[in-house]
Amino acid sequence: MNNVLCRKAIHGLWGALLLFAGGCTQDAAQTAGERPLTAAVAQELGGRRFQDIDSQADVQGYRIDSGNLAEPLSGRVEGALVMVTDREGALTAIIDRPGRRGTLHVDKAGSRRFVEEPAYDYLKPDTLAERAALPRASDTSGPGSDGAIDALVLFSKQALAVLRSDPVAFALAQLEMSNLGLRNSQVTGVKLRLGGVRVTETDLAVDGSGLGQLQQLLNPLRASYLHDINVGYFEKSPYAGMAYVPGASSINSIHYPLAFRHEVGHNAGGSHCNENGTDNYRFGYQTSGGAHTMLCGNNVPYYSNPQVSYEGRPLGNARTADMARLWREQAGRLSGYSPAFEGVRLIYVSEQPEASAVVATVPGRPRIGVVALSSDVGPTSLTYGGPGMTTLTVKLTGQDGLVRPVNLRALRQIANCPRTTMNSTVVCHPDADGGPVQLIVGYSALDNPGLPPGWYNGTLMLEARNVNDPAWKAPILVSLAVLR
Ligand SMILES: [Zn+2]
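Analysis parameters
- Residues numbered from 1 in each chain as written.
- Predicted model: local features only at pLDDT ≥ 70, side-chain atom pairs only at ≥ 80, totals over all residues.
- Heavy atoms only, no water.
- Salt bridge = Lys/Arg side-chain N within 4 Å of Asp/Glu carboxyl O.
- Helix = DSSP H or I, 4+ residues; strand = E, 2+ residues; numbered from the N terminus.
- Buried < 20%, exposed > 50% of the residue type's maximum accessible area, 1.4 Å probe, protein only.
- Expected span 1.5 Å × (residues − 1).
- Bend = angle between axes of the 7 residues up to and from the residue.
- Axes fitted to C-alpha atoms, helices over the stretch in contact; angles between N-to-C directions.
- Parallel < 35°, antiparallel > 145°, perpendicular 65-115°, else oblique.
- Contact = heavy atoms within 4.5 Å.
- Nonpolar A, V, L, I, M, F, W, Y, C, P; charged D, E, K, R; others polar.

Chemist: Could you give an account of the pattern of salt bridges, naming the residues involved and the relevant values?
Modeler: For the coordinates displayed, the defined rule picks out 21 salt bridges. Close ionic contact of R112 with E44 constitutes a salt bridge, the shortest N to O distance being 2.1 Å. Note that R112 is positioned in strand β6 (residues 112–116) and E44 in the loop between α3 (39–42) and β1 (49–59), a separation of 68 residues in sequence. For R112, a relative accessible area of 33% translates into the label partly exposed. Here R183 ties to E176 by a salt bridge, and the two come within 3.1 Å at their closest N and O atoms. According to the relative accessible area criterion, E176 is buried, its value standing at 2%. Look at the salt bridges and you will find they share partners, linking E44, R100, R112 and E116 into a network.

Chemist: Could you give me a rundown of helix α9 (residues 323–335), with the residues and numbers involved?
Modeler: Given a rise of 1.5 Å per residue, 13 residues ought to cover 18 Å, and the 17 Å separating the end C-alpha atoms of α9 matches this to within 8%. By the largest-angle criterion, E329 marks the main kink of α9, which is about 40°. Counting buried residues in α9 gives 10 out of 13 residues, a clear majority hidden from the surface. Residues M323, A324, L326, W327, Q330, A331, G332, R333, L334 and S335 constitute the buried set of α9.

Chemist: Any details on the packing of helix α8 (residues 259–268) against α9? Residues and values, ideally.
Modeler: Look at α8 against α9: their axes get within 9 Å of each other, and the N-to-C directions meet at 70°. By the angle class used here, α8 and α9 are roughly perpendicular. Contacts between α8 and α9 involve V264, G265, N267 and A268 from the former and M323, L326, W327, Q330, R333 and L334 from the latter. A class-by-class count of the residues in the contact of α8 with α9 yields six nonpolar, three polar and one charged.

Structural measurements only, silent on function.
So this is what it looks like as structure tokens:
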């Protein structure tokens, strides 16, 4: 099987994704030392090699591949590529290399659209000092500090109209671009994750006042989304991005897909370039060869680190530019704004027909189903039921601030077995053996005839339970952004 066919096989067979992905990884490693690329992406790379690749087979139902783009003869890293692929094969890729910087969208039929990032001076002042109290570094030694920084991402409907693509895939790609920078910069144990997505009908300006408004909107939602940092994407773009330094909020232009990795570096506490050589390591770095780290010009996929060498030169200075050290020191604070959520997150936005998450993978025949925590929402106990679907009634907030009940559809699927109601424990034989148990959530206007038009946002807590092991429970936090 060649690599392209292999990739198609992965996307066509969701139930077998994990099995096939292992085989393809090995094939690719044996043939070229690289992961396979779709032709649509390969033609954007200008002959650069895709290398140092990290692949995650199932992140909230998406596959994520990220790595560096290197000039093939010299091996010099000239940029980066992040690809997020959904189960149908639709792709959102952020491409960053000399002469080509932007977002590539490829739909499941193979139709492609590249949106170029406009030229921008990433040295333009774009920070505000955070006035709110920050969590203390010591707060992070507790259960809240798993090194994962969970992001709640807010899009305006105007930003979605520019994106014209899956906002969940875009949000995952944005966070991964920063994760790639952290890996390149030898920062281990720190990772950005998607905690939820909301949509607002108000397009805030990407500037200081918009940043303040974004933080006021999203900070109070930590109790329900259990997120750490606030990230916004808007259309109106006086700046590519604006962030608190240090802090936990950034507002970004939907037109500038390379802005977020820079802005979140400000959240960590970093400033641009240490031009005066002051005795302070919280800065980005530029080499005499023209490599500008993410904080100091943003043209290579690195945060500054004197231990990392680039074209034979250190990419930082221990006294004046060491963002890697700052990230390590600040990771506890950044991951400590909410307690760590020990469960599964499922993120649904109306742009997707449905969303799903693997709630458990156990050996044998998984007699696992999902229940609501209140009978006002849905069934609260497991049942040996058959095919069908569960209606969940969830209280979501409209643009007018009013909370209204919204009906959603929930299903459960084990491996390739027929879908069942959410709380069913039926397993099919023999396909279910050891197969992943998935929860699937979707929305239909047919179920909500009286709901006024507009976007509705909120969260829902569910719980997976196991008939064979009553002590086992797995909480599921569902993020919902529904368009009526
Ligand atoms: Zn900046």
